[in-house]
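What follows is the residue order along each chain.
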Amino acid sequence: MQAYIANSDVQGLIPMDEEIPPRSGHVAACVGNKLLVWGGYQDENEASDRYLPVKDVWLYSVEFNKWTKQVTSGQYPPGLSGASSCILDKYWYILFGHMENGNMNMVYRLNLQTFCWETREYHSTEPSPRDKTSVWVYKDKIYCFAGFGPPVFNSEYLCDYGEFFEDPTIQWSPIRSWNNQLLVFDPQTWEWSNPKCKGFPPVPRAAHGAALAGSKLFVFGGRHDMSRRNDLHCLDMTSLTWSGELNPLGDIPCGRSWHAFRAISNSKVLLYGGYTTDQRPLGDAWLLDVVALQWTRLDILQKHTRLWHTMDITSSGDIVIFGGCSNDILRSDLQSRHVNEVVLFRIEPKTLLRCCLEMVFKHKEKTKPYWKMLPTLLQQWLCQRLHAQNTSPHPALHIQWLESPALGS
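Residues numbered from 1 in each chain as written. Predicted model: local features only at pLDDT ≥ 70, side-chain atom pairs only at ≥ 80, totals over all residues. Heavy atoms only, no water.

## Things to note about the overall build of the chain
- Helix and strand counts for the chain come out as 3 helices and 30 strands.
- Summing over all exposed atoms, the chain offers an accessible surface of approximately 18,500 Å²; the carbon and sulfur share of this is 51%. (Helix = DSSP H or I, 4+ residues; strand = E, 2+ residues; numbered from the N terminus. Areas by Shrake-Rupley, 256 points an atom, 1.4 Å probe, with all protein chains shown as cover.)

## Observations concerning the environment of threonine 241
- With respect to the element layout, threonine 241 can be found in strand β22 (residues 241-243).
- Residues threonine 241 and lysine 196, 45 residues apart in the sequence, show an inter-C-alpha distance of 9.3 Å.
- Ignoring any residue separated from it by four or fewer positions in sequence, one finds threonine 241 in contact with Lys198, Gly199, Cys234, Leu235 and Asp236.
- Among the polar contacts made by the side chain of threonine 241, one reaches the side chain of serine 239 at a distance of 2.9 Å. (Contact = heavy atoms within 4.5 Å. Polar contact = N/O pair within 3.5 Å; in protein donor to acceptor, adjacent residues only side chain to side chain.)

## What to know about helix α3 (residues 376-390)
- Between its first and last C-alpha atoms α3 spans 21 Å; for 15 residues at 1.5 Å apiece the expected length is 21 Å, and the two agree.
- What α3 keeps buried is the set Trp381, Leu382, Leu386 and Ala388. Seen from one end, α3 has its buried residues packed into an arc of 160°, which puts them on one side. In this structure, α3 carries Thr376, Leu377 and Asn390 as exposed residues pointing more than 90 degrees from its buried face.
- Tucked into the core, α3 has its buried residues touching β5 (66-71), α1 (352-362) and α2 (364-367). (Expected span 1.5 Å × (residues − 1). Buried < 20%, exposed > 50% of the residue type's maximum accessible area, 1.4 Å probe, protein only. Arc of directions from axis to C-beta.)

## Comments concerning the packing of aromatic side chains
- Taken as a whole and judged by the stated rule, the model has 25 aromatic pairs.
- Between tyrosine 122 and phenylalanine 185, the ring centres sit 6.3 Å apart and the planes meet at 70°, which makes this aromatic pair edge-to-face. Placement of tyrosine 122 in the loop between β12 (116-119) and β13 (134-138) and of phenylalanine 185 in strand β16 (residues 177-186) is noted, with a sequence separation of 63 residues between them.
- Owing to a relative accessible area of 0%, phenylalanine 185 belongs among the buried residues under this scheme.
- Between phenylalanine 185 and tryptophan 190 the ring centres are 5.1 Å apart and the planes differ by 80°, which places this aromatic pair in the edge-to-face class. We note that phenylalanine 185, like tryptophan 190, is buried.
- The ring of tryptophan 190 carries the charged tip of arginine 120 above its face, separated from the ring centre by 5.0 Å.
- The ring of phenylalanine 361 carries the charged tip of lysine 364 above its face, separated from the ring centre by 4.7 Å. (Phe/Tyr/Trp six-rings, centres within 6.5 Å; stacked < 30°, edge-to-face > 60°. Lys NZ or Arg CZ within 6 Å of the ring centre and 35° of its normal.)

## Notes on the pattern of salt bridges
- Considering all chains together, one arrives at 12 salt bridges under this definition.
- For the salt bridge of arginine 109 with glutamate 118, the shortest nitrogen-to-oxygen distance reads 2.6 Å.
- For arginine 109, a relative accessible area of 6% corresponds to the buried category.
- The partner of aspartate 131 in a salt bridge is lysine 132, and the shortest N-O contact between them spans 2.9 Å. Of the two residues, aspartate 131 and lysine 132, both sit in the buried class.
- Three or more residues joined by partner-sharing salt bridges are found here, namely Asp131, Lys132 and Arg176. (Salt bridge = Lys/Arg side-chain N within 4 Å of Asp/Glu carboxyl O.)

## Some remarks on the sheet that holds strand β25 (residues 281-289)
- One open sheet accounts for 4 strands, arranged β23-β24-β25-β26; its pairing is antiparallel. Every other strand in the sheet has two partners, leaving β23 (260-263) and β26 (294-297) as the edge strands with one partner each. Adjacent strand axes in the sheet meet at a mean angle of 25°, parallel and antiparallel pairs treated alike.
- With 4 bridges connecting them, β25 and β26 associate as antiparallel partners. Looking at the pairing, tryptophan 286 lines up with arginine 297 of β26. (Pairing = 2+ DSSP bridges. Axes fitted to C-alpha atoms, helices over the stretch in contact; angles between N-to-C directions.)

## Remarks on the confidence of the model for the chain
- Averaged over every residue, the pLDDT of the chain is 89; residues scoring 70 or more account for 89%.
- Under a pLDDT of 50 for its full length, residues 7-16 has, in the predicted model, 20 contacts with residues more than four places off or in other chains. (pLDDT = per-residue confidence, 0-100.)

## Details of the nonpolar core
- Ranked by internal contacts, the top residues of the largest apolar core, which has 18 residues, are Trp38, Val57, Leu80, Trp92, Ile94, Leu110 and Trp117.
- Residue assignment for this core shows that the elements contributing at least two residues are β2 (27-31), β3 (34-38), β4 (56-61), β8 (91-95) and β11 (107-111).
- If one sorts the elements of this core by residue count, β2 sits on top with 3 residues.
- Ignoring anything within four residues of it in the chain, the contact list for leucine 110 reads Val57, Thr72, Lys90, Tyr91, Trp92, Phe115, Cys116 and Trp117.
- Core analysis: the second largest hydrophobic core is formed by 16 residues, Tyr91, Leu95, Tyr122 and Leu183 among them. (Core = buried A, V, L, I, M, F, W, Y, C linked by side-chain atoms within 4.5 Å.)

## Let's talk about the sheet that holds strand β19 (residues 209-213)
- Judged by pairing direction, the sheet is mixed, and its 5 strands sit side by side in the order β18-β22-β21-β20-β19 without closing on themselves. Bordering the open sheet on either side are β18 (198-200) and β19, each of which pairs with just one other strand. Strand-to-strand twist across the sheet, computed as the mean angle between neighbouring axes with direction ignored, equals 25°.
- Bridge analysis of strand β21 (residues 227-236) against β22 gives 2 bridges, and the strand direction is antiparallel. For aspartate 236, the partnering residue across the bridge sits in β22 and is threonine 241.

Dropping the structure here:
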């Protein structure tokens, strides 16, 4: 079953009479040609209320350049940063994260047809709380790798396999650690497992990137100890075998954490932004060919430095980058600049139908009397586009269309 979002007449959907708040450490996912955004935090709020409202899910229409806010119901997650998410069937799953009083190890899911949240008790040993882990779906199960949270000292948490490396900079309780566990969540039974992997796994890390290309999971970068790394690893999902560190061709991206790393096909993975060991926010873009095992740096028209942002791809092939911090997030003497900007990469030409519709809309003064002669779906598209134009985005929402031929194929 493929996920889809309920129609816009669902109770609780609010037209954008307010702009989406800037944020970092949020989660986002594309369903069709819409981007869903939830959670994260911003420094403008008081310390006790810096997490974004948990009832609000924001939907961005790539086709109409329009935000709407969906007020949800049910068992909400707490306010979180550094959570992870994925789409499976009709649900949007939110896993792990950091809340006001520490790390979390719960799973919440949002029904995309009713916009109602739910969670359940686990029917197995729980994984340890953590944030800044990576999540992906493979054969109807949810996989998680690594993260940052309290170490496992006893059998209270799931720890059959994997290593924990304590953060030496923390001089007070609670101690937190990086890990390299592979965890598997079964949404049918609500059970966790910690399978044994073959090969040579990456060192423990967090705030890394993980991208599933076919049956291969590629892991790049992340923080371990005092460094932000640029090593590349591959996990064969069919045998759960780690490759050890790979040696790709071409120039290599510098070490980083808090970057976005997303497969855009079964052979290409896109890397965008991040944060270096010497605390520089990045605005570069790289393409990894996982077949040739080669990096290519992309020339982009306008750089947007981003860290702790999100990136996903729509059903039409648009890569949507949203939010994040645009300056040094760890400088105590500097106000963090969280953003609410959308940046789009187009990886293939628009369809002929889309081009025709946009041309009809461009000349709407002449064509509108004839819209009623079009098929119903095309009429609806034009009317929705007209409504979106009449309720135009606020000036704080900046759209950058970035095109690069290297992203094709």
